[in-house]
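# Summary of the model geometry
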Amino acid sequence: MELNKRTVLWIVFAISLIVLWNNWMVANGKQSLFSPAPPAQVAQQQTKPSDVPAAAQPGAAAVPGTPGAPGAAPAAAAAPATQRITITTDVVKADIDTLGGVIKRLELLKFADEIDKTKNKVLFNVSGNNVYLGQTGLVGSTPAGVMPNHATPFVARPLTRGADGTVQLVMDAEQGGVRLTKTFTFRKGDYVIGIRHDVTNLTAAPVAPSLYLQLQHDGNPPPSDSWFMPSYTGPTLYTAEDKYQKLTFEDIEKGKAEHSTKANNGWIAISQHFFVSAFIPADKVPREIFTKKIATNLYAIGTIQPLGTVAPGATVSNDTRLYSGPQDEQTLETIAPGLELVKDYGMLTIIAKPIFWVMTHLHSLLGNWGWTIVALTVLIKLLFFPLSAAGYRSMAKMRVVTPKMQAIRERYKNDPQKMQQATLELYKTEKINPLGGCLPILVQMPVFFALYWVLQASVEMRGAPWILWIDDLTRPDPYFILPVIYAVSMYITTKLNPQPTDPVQAKMMLFMPLAFSVVFFFFPSGLVLYWVVNNILSIAQQWVITKKFETGAAK
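So, here is what we can say about the structure in this document. None of these values were measured; they are calculated from a predicted model. (Residues numbered from 1 in each chain as written. Predicted model: local features only at pLDDT ≥ 70, side-chain atom pairs only at ≥ 80, totals over all residues. Heavy atoms only, no water.)

### Regarding the pattern of salt bridges
- Scanning the entire structure with this criterion turns up 12 salt bridges.
- Linking R105 and E107 is a salt bridge whose minimum nitrogen-to-oxygen distance equals 2.8 Å.
- On the accessibility criterion, R105 (25% relative accessible area) is partly exposed.
- Across the pair K293 and E253 runs a salt bridge, and its minimum N-O distance is 2.9 Å. One end of the pair, K293, is in strand β20 (residues 287-295); the other, E253, is in helix α2 (residues 249-254), and 40 residues separate them in sequence.
- Assessed through its relative accessible area of 40%, K293 is described here as partly exposed.
- A single network of salt bridges, built from pairs that share partners, joins E329, K343, K353 and E460. (Salt bridge = Lys/Arg side-chain N within 4 Å of Asp/Glu carboxyl O. Buried < 20%, exposed > 50% of the residue type's maximum accessible area, 1.4 Å probe, protein only. Helix = DSSP H or I, 4+ residues; strand = E, 2+ residues; numbered from the N terminus.)

Encoded structure:
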């Protein structure tokens, strides 16, 4: 009887140890000893940017799918290793390669090239040392191998066209026991390309794929850049938490690119002068964001999104949008939050955005961006009329008392201290503010620089003509006519201003119009047009005020 009691106690003790061990296992995220893992669940694989393949390998072969599987695509071996399929809408022409299901070339039919006006602007493309691509695929593997990615051959199904102008291309690839189906949707008048990824598990065990979206770009400066008119090309991104972030290829090269790495919203992009390509993943889907150097002078920005566990025979779908087109502010605002920020006005955004808003309304009335700049200049001149009038009155007074100042200079030419004291007394007696003449210029400078950024950033004015020889307001005057007119107007302005008593200063004032006109040879013609119109209006205003004071002084 005693033996039986000990046996029972040992059994209870052993069971207690097993229960305690099981509870510890469960508490630490381990599988319970009493409940095996459900066959439809598998741990999500940990992915990292290095898991994304760097480049397509033309010699790669697809793993054939399971014969007779539901919805199985034609065998990859029945198609050539690579084939380009061209899709044309009214705004884009895209070449999609069956190797990787990658858009190898994207031509914008409504925009001319910066260098060769007879050709269209091209975004995605591989040419010489220039690389610009958008790639998608799966990260993950099964016992049968890696899953389909942008290095995997796909098989294209026949194009389908809708009555509304929609064109759809479906491509299939099977590799590693997984089928990836990419569906590209192009719509009339739209730069947004819909990309749906359907992932089907053809194996007998659960799989846990992740979807990557990646934009590749070389680090070369745009061929249209110049020292006077540089532009930005590089990776950008946006999240609701950290807002708009602008990176450089140089920082990626040095490993110093700091940006958001996790999000469940936002977008990633390659921004350039007037244009942008942005992957916009489905909202409220957790993702990792990465930047990396792929090869010499080749960089990438991308996201990796876990797609969850896919049971045998099951399919999971993911919808992504790719915007590749102009930085049209009003259009970008409707596509995704923060996407309009790629139209970068720099530090003067607070002034530039209202200026562009006014310009768009003026343009809707005038229909020409050149006359819009002229009308904007008139409005700005009217807005600051009281302030500039005060400055011109001060200069007119200075002009009237110039003989008295010359006399003081001659009287105290050997005593600078008394000369300065007498000059200040004269200013006080005549109620002259010696700095008042600077007001018209100081007031105009923020507007001048803000308008510069508006012209630099607004694709609406890219290639926009004014009259006669001005065929692009965002490019320099091809015949330098406007800079010459500016130099003449500055010379007249100098003559209307009070003449410096110092001969050296007088010569410098005559030289400055020539120096500024040479600089304006390299500025956008729209900006020079603004300054020329502003100078002409200023000359008229200053002439009237000066004549009024000179007539009063003569009496």
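### A word on a nonpolar patch on the surface
- A cluster of nonpolar side chains, contributed by F480, V484, V488, Y491 and I492, occupies part of the molecular surface with about 430 Å² of accessible area.
- As for its position among the elements, F480 is in the loop between α9 (439-457) and α10 (481-496). (Patch = residues over 30% accessible without salt bridge, like charges linked within 9 Å, V, L, I, M, F, W, Y side chains within 5 Å. Areas by Shrake-Rupley, 256 points an atom, 1.4 Å probe, with all protein chains shown as cover.)

### A short note on the layout of surface pockets
- For the second largest pocket, the calculated volume is near 640 Å³.
- In terms of lining residues, the second largest pocket is bounded by 28 residues, among which D113, K121, V122, N130 and P223 are the most central.
- The set of elements that each furnish at least two residues to the lining of the second largest pocket consists of β3 (102-112), β4 (120-122), β5 (125-127), β6 (130-139) and β14 (210-218).
- In terms of residue class, the lining of the second largest pocket is made up of nine nonpolar, 11 polar and eight charged. (1 Å grid on protein atoms, 1.4 Å probe; cavity = no way out; pocket = protein on both sides within 12 Å on 5 of 7 lines; lining within 4 Å. Points joined across faces, edges and corners; volume = space filled by probe spheres on them. Nonpolar A, V, L, I, M, F, W, Y, C, P; charged D, E, K, R; others polar.)

### What to know about the nonpolar core
- Formed by 60 residues in total, the largest nonpolar core has its most connected members in I103, F184, F186 and L339.
- It is strand β19 (residues 275-280) that contributes the most residues to this core, five residues altogether.
- Filtering out sequence-adjacent residues up to four positions away, L339 remains in contact with W267, A278, I280 and L332.
- Listed in part, the 37 residues of the second largest apolar core include A464, M490, L527 and W531. (Core = buried A, V, L, I, M, F, W, Y, C linked by side-chain atoms within 4.5 Å. Contact = heavy atoms within 4.5 Å.)

### What about helix α4 (residues 349-366)?
- Between the first and last C-alpha of α4 there are 25 Å, a value that for 18 residues agrees with the 26 Å anticipated at 1.5 Å per step.
- For α4, the full list of buried residues reads A352, I355, F356, M359 and L362. End-on view of α4: buried residues confined to an arc of 130 degrees, all on one side of the axis. Opposite the buried face of α4, at more than 90 degrees from it, the exposed residues are I350, W357, S364 and L365.
- A positive backbone phi angle near 75 degrees is found at G367, which sits one or two residues after α4. (Expected span 1.5 Å × (residues − 1). Arc of directions from axis to C-beta.)

### Thoughts on the side chain of T303
- Take T303: it is sitting in strand β21 (residues 298-306).
- Residue classification places T303 among the buried positions, given a relative accessible area of 1%.
- With residues up to four places along the chain from it excluded, the contact list for T303 reads L211, Y212, L213, I268, P281, R287, E288, I289 and F290.

### Structural notes on unusual backbone geometry
- With a phi angle near 65 degrees, K243 is a residue other than glycine that sits in the positive phi range.
- Topologically, K243 is positioned in strand β16 (residues 243-246).
- For K284, which is not glycine, the phi torsion reads 60 degrees and is therefore positive.
- Inspection of the secondary structure puts K284 in the loop between β19 and β20.
- Classification of K284 by relative accessible area gives exposed; the value is 70%.

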